[in-house]
Amino acid sequence: MLRMLGAPGSPYTRKMRALLRYRRIPYQLLFQGSPGTEGLPRPKVSLLPTFFLPDEDGKEVAVTDSTPLIRRFEREFEGRSVLPEDPVLRFLDALLEDYADEWLTKAMFHYRWYYAADIEKAGAILPLWRNTSVTDEEVAPFSKMIRERQIERLWVVGSNDITAPVIEQSYRRFLRAFDAHLQRFPYLLGDRPGSGDFGVFGQLTQLALFDPTPMAVTLEESPRVYAWVERMEDLSGLEPGPWISPDAVPDTLKTILTEVGRVYAPFLLANAQALEQGAERVETSIDGKPWTQKPFPYQAKCLRWLREAHAELSDSERTAVDGVLAGTGCEALFT
Ligand SMILES: N[C@@H](CCC(=O)N[C@@H](CS)C(=O)NCC(=O)O)C(=O)O
């Protein structure tokens, strides 16, 4: 049985747990520090969730990174796929998953460690999510440590006084665009959830259901999105319906892709350029406003993976994808 080490406060843990539930893949959930976690193999980079899986020689190793793990589980487990067969839809799904994992997560991290009420709640709850059987005396120093550590890391995701309005206005636009789409379709690509839905769900479990400031924003902008997050938590009982037709991509999805093109595309390009130039900082403008942050090597890989997926499309599939992306701003990623 799959073994997953994770935490409820980790959006990517929630992403993968909901996916395993939907796909009816049995798993054992381990919490950090809980009995049975000593002696587990260690991942190269300590990230949550961590899965413990056999390598090519059958030896159990620690594996992280939800996006490639989703593709591995598609190969290893039959049925209830979250990746559309159609290459055009599959590409759009991958782009939406990446937007959620790498841009929406900026809003998640920003709101949690920028505002006093959110810092207070997260600092109090996160240690207990690891282990509820610790005393309050034991929790206090851990709460202090995690608050200080995470606040220090705000600039890693680009959250600062300059970028705060860009992040927050982008979140509000995403909520409005997703609300309009959910009025027509239960999921991003039709009547069944794709990996993009689980990416968005993962971040919204924190933004809509936990952190007080963005929860208020979510309920103000879209009670519908709030409701959608609760529905996504456990879809093990859902009978999946059809994907949308690649020839009839709805305007509401194009509006969401336009938000991706407005903020995530310019960020990805500026981040890759800063890394190429060995720059200390990413200095660019997003949405007409200044954006500055530490260059993020992992997101240069994300850009490369998106470009490789775009290049792997057949000519007619790429023409169809470019047709959908035309005018959204996402096309800039592939020129
Ligand atoms: N790309 C990874 C991201 C995983 C990730 O960043 N997880 C967070 C928790 S949500 C983490 O472990 N951060 C490092 C830390 O907090 O030390 C994925 O999709 O799984």
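Computed from a predicted structure; not experimentally measured.

Participant: Account for the pairing of strand β6 (residues 289-293), naming residues and giving values.
Facilitator: Of the pairings in the sheet, the one linking strand β5 (residues 282-286) to β6 comprises five bridges and is antiparallel in character. By the bridge assignment for β6, S285 is matched with P290. Counted along the chain from β5 to the antiparallel partner β6, the turn is two residues long, and its residue D287 has a positive phi close to 60 degrees.

Participant: Please set out the site of the ligand residue by residue, giving values where relevant.
Facilitator: Close to the ligand lie S10, P11, Y12, L47, L48, D65, S66, R149, R153 and Y298, which account for all nearby residues. Residue D65 places a side-chain N or O atom 3.0 Å away from a nitrogen atom belonging to the ligand. At 3.4 Å from an oxygen atom of the ligand is found a side-chain nitrogen or oxygen belonging to R153. Of the residues in the shell around the ligand, the class split is five nonpolar, two polar and three charged.

Participant: Tell me what's going on with the sheet that holds strand β4 (residues 60-64), and back it up with residues and numbers.
Facilitator: The strand order across the open sheet built from four strands is β2-β1-β3-β4, with neighbouring strands paired in mixed fashion. For this open sheet the edge positions go to β2 (27-31) and β4, each flanked by a neighbour on one side alone. When strand polarity is set aside, the average angle formed by the axes of neighbouring strands in this sheet is 30 degrees. Inspection of the sheet shows strand β1 (residues 2-6) paired to β2 by five bridges, in the parallel sense. Directly across from M4, in β2, lies its bridge partner L29.

Participant: Break down the packing of aromatic side chains for me, with residues and values.
Facilitator: For the structure shown, the criterion picks out 16 aromatic pairs. Consider the rings of Y99 and Y264, whose centres lie 6.5 Å apart with planes at 70 degrees: the pair is edge-to-face. Residue Y99 is found in helix α3 (residues 87-114), and its partner Y264 is found in helix α11 (residues 251-276); the two are separated by 165 residues along the sequence. We note that Y99, like Y264, is buried. Centre to centre, the rings of W103 and W291 are 5.2 Å apart; their planes meet at 35 degrees, and the pair counts as tilted. Of this pair, W103 sits in helix α3 while W291 sits in strand β6, and the two are 188 residues apart along the sequence. Members of the aromatic cluster, connected to one another through ring pairs, are Y99, F174, F178, W228 and Y264.

Participant: Outline the side chain of R112, supporting the account with residue identities and numerical values.
Facilitator: Relative to the helices and strands, R112 resides in helix α3. A residue is classified by how much of its surface remains accessible, and R112, at 2% relative accessible area, is buried. Of note is the side chain of R112, whose polar atom sits 3.1 Å from the backbone oxygen of G9. Among all residues touching R112, those that are not within four sequence positions of it are G9, D118, I119, A122, L126, Q206, F210 and D211.

Participant: Any chance you could break down helix α8 (residues 195-207) for me, citing the residues and the numbers?
Facilitator: Its 13 residues give α8 an end-to-end C-alpha distance of 19 Å, which sits within 8% of 18 Å, the value for a rise of 1.5 Å per residue. Most of α8 is tucked away, with 13 of its 13 residues classed as buried.

Participant: Help me get a handle on the domain arrangement of the protein chain, residues and values and all.
Facilitator: Assigned domains within the protein chain: domain 1 (2-76) and domain 2 (87-113 + 156-234 + 246-334). Once you take the C-alpha centre of each, domain 1 and domain 2 turn out to be 24 Å apart. With 17 residues of domain 1 at the interface, the matching set in domain 2 holds 21 residues. Each partner contributes to the roughly 1500 Å² buried at the junction of domain 1 and domain 2, and carbon and sulfur atoms together form 48% of this total. Here domain 1 is connected to domain 2 by six salt bridges. The interface formed by domain 1 and domain 2 contains 13 residue pairs in polar contact (both at pLDDT 80 or more). Going through the elements one at a time, α1 (11-22) and α2 (66-76) are the ones with two or more residues in the side of domain 1 that touches domain 2. The dominant element in the side of domain 1 that touches domain 2, judged by the number of residues it contributes, is α1, at nine residues.

Participant: Let's hear about the pattern of salt bridges: which residues, and what values?
Facilitator: Once the charged atoms of two side chains with opposite charge are near each other, the side chains can pair. For the structure on display, the rule yields 25 salt bridges. Taking the shortest distance from any N to any O, the salt bridge between D287 and R173 comes out at 3.2 Å. Taken together, the residues D287 in the loop between β5 and β6 and R173 in helix α7 (residues 164-182) connect sequence positions 114 residues apart. Taking relative accessible area as the criterion, R173 reaches 14% and is therefore assigned buried. In this structure, K289 and D287 form a salt bridge, with 3.6 Å as the shortest nitrogen-oxygen distance. Assessed through its relative accessible area of 25%, K289 is described here as partly exposed. Each of R173, E259, R262, D287 and K289 takes part in a single network of salt bridges with overlapping partners.

Here is what the cut-offs are and how they apply
- Residues numbered from 1 in each chain as written.
- Predicted model: local features only at pLDDT ≥ 70, side-chain atom pairs only at ≥ 80, totals over all residues.
- Heavy atoms only, no water.
- Pairing = 2+ DSSP bridges.
- Helix = DSSP H or I, 4+ residues; strand = E, 2+ residues; numbered from the N terminus.
- Near = heavy atom within 4 Å.
- Polar contact = N/O pair within 3.5 Å; in protein donor to acceptor, adjacent residues only side chain to side chain.
- Nonpolar A, V, L, I, M, F, W, Y, C, P; charged D, E, K, R; others polar.
- Axes fitted to C-alpha atoms, helices over the stretch in contact; angles between N-to-C directions.
- Phe/Tyr/Trp six-rings, centres within 6.5 Å; stacked < 30°, edge-to-face > 60°.
- Buried < 20%, exposed > 50% of the residue type's maximum accessible area, 1.4 Å probe, protein only.
- Contact = heavy atoms within 4.5 Å.
- Expected span 1.5 Å × (residues − 1).
- Domains from an automatic or database assignment.
- Buried area = accessible area lost by both parts, 1.4 Å probe.
- Salt bridge = Lys/Arg side-chain N within 4 Å of Asp/Glu carboxyl O.

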